Amino acid sequence: MSNSVINWFKYASPSSFYPLAGRLIPYFSLAAVLLMALGLWLGLFVAPTDAQQSEGYRIIFVHVPASWMSMFIYCVMAFWSALGLAFNTRLSGMMTAALAPTGALFAFLSLWTGALWGKPMWGAWWVWDARLTSQLILFFLYLGFIALQSAIDDPRRADRAGALLALVGVVNVPIIYFSVQWWNTLHQGASVSLTKAPSMAHIMLLGMLIMALGFWAYTIAMALKRVRCIILERELTSEWIKRNALD
Amino acid sequence: MMTSGFITALRRDLLLAARHKSEWLTALFFFVMVTNLLPLGVGPDAALLRKIAPGVLWIGALLSTLLGLQRLFASDYADGTLEQMALSPTSLSWLVAGKMFTHWLVCGLPVVLMAPLLGVQFDLPSRSLGLLTLSLLLGTPILSAVGSVGAALTLGVRSSGALLSLLILPLYIPALIFGAGAVEADLAGISPQGHLSLLGALLLVSVFFSPWITAVALRIALE
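Residues numbered from 1 in each chain as written. Chains lettered and ligands numbered in written order. Predicted model: local features only at pLDDT ≥ 70, side-chain atom pairs only at ≥ 80, totals over all residues.

Chemist: Lay out the confidence of the model for chain A with the relevant residues and their values.
Modeler: All names here are of chain A. Considering every residue of chain A, the mean pLDDT works out to 83; 87% of them sit at 70 or more. Averaged over each element, pLDDT in chain A is lowest for helix α7 (residues 239-245) (73) and highest for helix α2 (residues 60-87) (91). Counting contacts from residues 189-193, a segment whose pLDDT is below 50, to residues more than four positions away or on other chains yields 3 contacts. (pLDDT = per-residue confidence, 0-100. Helix = DSSP H or I, 4+ residues; strand = E, 2+ residues; numbered from the N terminus. Contact = placed C-beta atoms within 7 Å.)

Chemist: Got a sec to walk through the interface of chain A and chain B? Specific residues and values, please.
Modeler: Each side of the interface is counted separately: chain A has 22 residues, and chain B has 21 residues. When contributions to the side of chain A that touches chain B are tallied by element, the ones reaching two or more residues are α4 (130-151) and α5 (155-188) of chain A. Broken down by element, the residue count for the side of chain A that touches chain B peaks at 13 residues, all from α5(A). Each residue belonging to the side of chain A that touches chain B can be placed in one class, and the counts come to 17 nonpolar, 3 polar and 2 charged. (Nonpolar A, V, L, I, M, F, W, Y, C, P; charged D, E, K, R; others polar.)

Chemist: Tell me about the nonpolar core, and name the residues and values.
Modeler: In this structure, A:L164, A:L165, B:A152, B:L153, B:Y172, B:A217 and B:L218 are the most contacted members of the largest nonpolar core, which totals 137 residues. If you tally residues by element for this core, the top one is helix α8 (residues 160-187) of chain B, at 16 residues. (Core = buried A, V, L, I, M, F, W, Y, C linked by C-beta atoms within 7 Å. Buried ≥ 20, exposed ≤ 12 C-beta atoms within 10 Å, placed from the backbone.)

Chemist: Pulling in residues and values, what's your account of helix α1 (residues 14-46) of chain A?
Modeler: At A:L24, α1(A) shows its largest bend, some 30°, and a proline, A:P26, comes one to four positions later. Listing the buried residues of α1(A) in full gives A:P14, A:F17, A:Y18, A:A21, A:F28, A:A32, A:L35, A:M36, A:G39 and A:G43. (Bend = angle between axes of the 7 residues up to and from the residue.)

Chemist: For the confidence of the model for chain B, give the residues involved together with the corresponding values.
Modeler: On average, residues of chain B score 89 in pLDDT, and 99% of them reach the 70 mark or higher. Taken over the whole predicted complex, pTM reads 0.87, whereas the ipTM for its chain interfaces reads 0.86.

Chemist: Explain the packing of helix α3 (residues 90-122) of chain A against α4(A) residue by residue, including any values.
Modeler: Residues and elements named next belong to chain A. One way to put it is that α3 packs onto α4 with a least axis distance of 9 Å and a crossing angle of 150°. Relative to α4, the element α3 lies roughly antiparallel. Along this stretch, α3 crosses α4, giving a crossing that reads as left-handed. On α4, the residues that touch A97, A100, P101, G103, A104, A107, F108, S110, L111 and G114 of α3 are L132, Q135, L136, L138, F139, Y142, L143, F145, I146 and Q149. (Axes fitted to C-alpha atoms, helices over the stretch in contact; angles between N-to-C directions. Parallel < 35°, antiparallel > 145°, perpendicular 65-115°, else oblique. Left-handed = near helix turned anticlockwise from the far one by under 90°.)

Chemist: Describe the environment of A:A217, and please don't skip the residues or the numbers.
Modeler: All names here are of chain A. Examined against the element boundaries, A217 turns out to sit in helix α6 (residues 202-234). The exposure class assigned to A217 is buried, which follows from the 20 C-beta atoms found within 10 Å. Taking the C-alpha atoms as reference points, A217 and S110, 107 residues apart in sequence, are found 18 Å from one another. With sequence-adjacent residues up to four places away left out, A217 is seen in contact with F28, A31, A32 and L35.

Chemist: I'd like to hear about the environment of B:L138, residue by residue, with values.
Modeler: Looking at the secondary structure, you find B:L138 in helix α7 (residues 126-153). In this structure the C-alpha to C-alpha distance between B:L138 and B:A185, which are 47 residues apart in sequence, comes to 16 Å.

Chemist: Run through the environment of A:A130, naming residues and quoting values.
Modeler: All names here are of chain A. Structurally, A130 can be placed in helix α4. Residue classification places A130 among the partly exposed residues on the basis of 17 C-beta atoms within 10 Å. Linking A130 and Y177, residues 47 residues apart in sequence, is a C-alpha distance of 7.3 Å. With sequence-adjacent residues up to four places away left out, A130 is seen in contact with V180, Q181 and N184.

And the structure:
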């Protein structure tokens, strides 16, 4: 009987997840390098020059996937947080903590590339557009999460407090997004519209999707790497590490 | 009775506030100072001041709320009262709700009552003064409610004051937008009804969920 039931919690224990993560990292790292190289090649060399924005638009191949990832990673963090609070699994908190720096990195990257793109296109590094503003706030939420986790010494408390903050944050993200959007329309009308040309060449979409997949693989590899460090840090005194991990 | 914890916490914290007047008076004076410094920074141009008044008064309210929030649970945590509250048979959420409501009475309400006076300094028309007071009346409880979650999460951690503002200020953005937006819309000749309705919705949601989430956060801090 017990053999027919999948043990969902097998890899919820750090001691069994640690070697699994170690085995997966090379595959995801390789996938990240290959996919990003392919995506950049498609984006920089194959995709046609845009009629309105000429070559400057090519930053889209980093900008849009980075924005997607920054939003997606926050949702993944909230997912692990909910799981951690519901089942009291230690690994969930570690995963959340491991994902946060990568999420913050992508949020920053998205803002930075956005500024680089905005300067030649609209003539300004920064405009108070709804999407830019809410992306900036998302970046602040990441920073708040990381700051809270690093301010609490007890790792269990840090995990649980961080999990609660991530859940409160994920509920607030849509509220913030829509309020910022409304604020924006009230204040400055539709003077700056970020809406792209409706017909995007298939090759451009493909390049963006492949870059996004590459960022996914990068995120997974980084999170696994980081979670292994966190496991080592926290479980250094436990028996299984002395036996296996430090060979 | 379930609400007895609410009334007990309310009575106790009001008594404490009455005996330590400087604590909440500081927050009020901070609000007055910040809003009065701004014209000194941007110049006495009446048209400009009228335009920025709703935003300035609202940001002043946000910042002065933060001052009081740091002390919301800190002293009870330091002397062990909070632990006794968590262990008591009365629901912790109701106790927290009582403390939150006191925080609003002590830090939020004075700001609401002071705002029309400061609005006059910014040359707001009388209709907007009433609207500003109304928007702050709806909005400041949101600040207390959302802020108490942050206060509970940062309880007893290093540099909790700075951390609290980093955690909480991004979550205040919707209240700021709709609160200041209501007055700005009115100044621009648009009906402020939509803003006020959304502010009311935010108020209901945050007041309903916040005591519960704060209680969870407090239990995490007390573990």
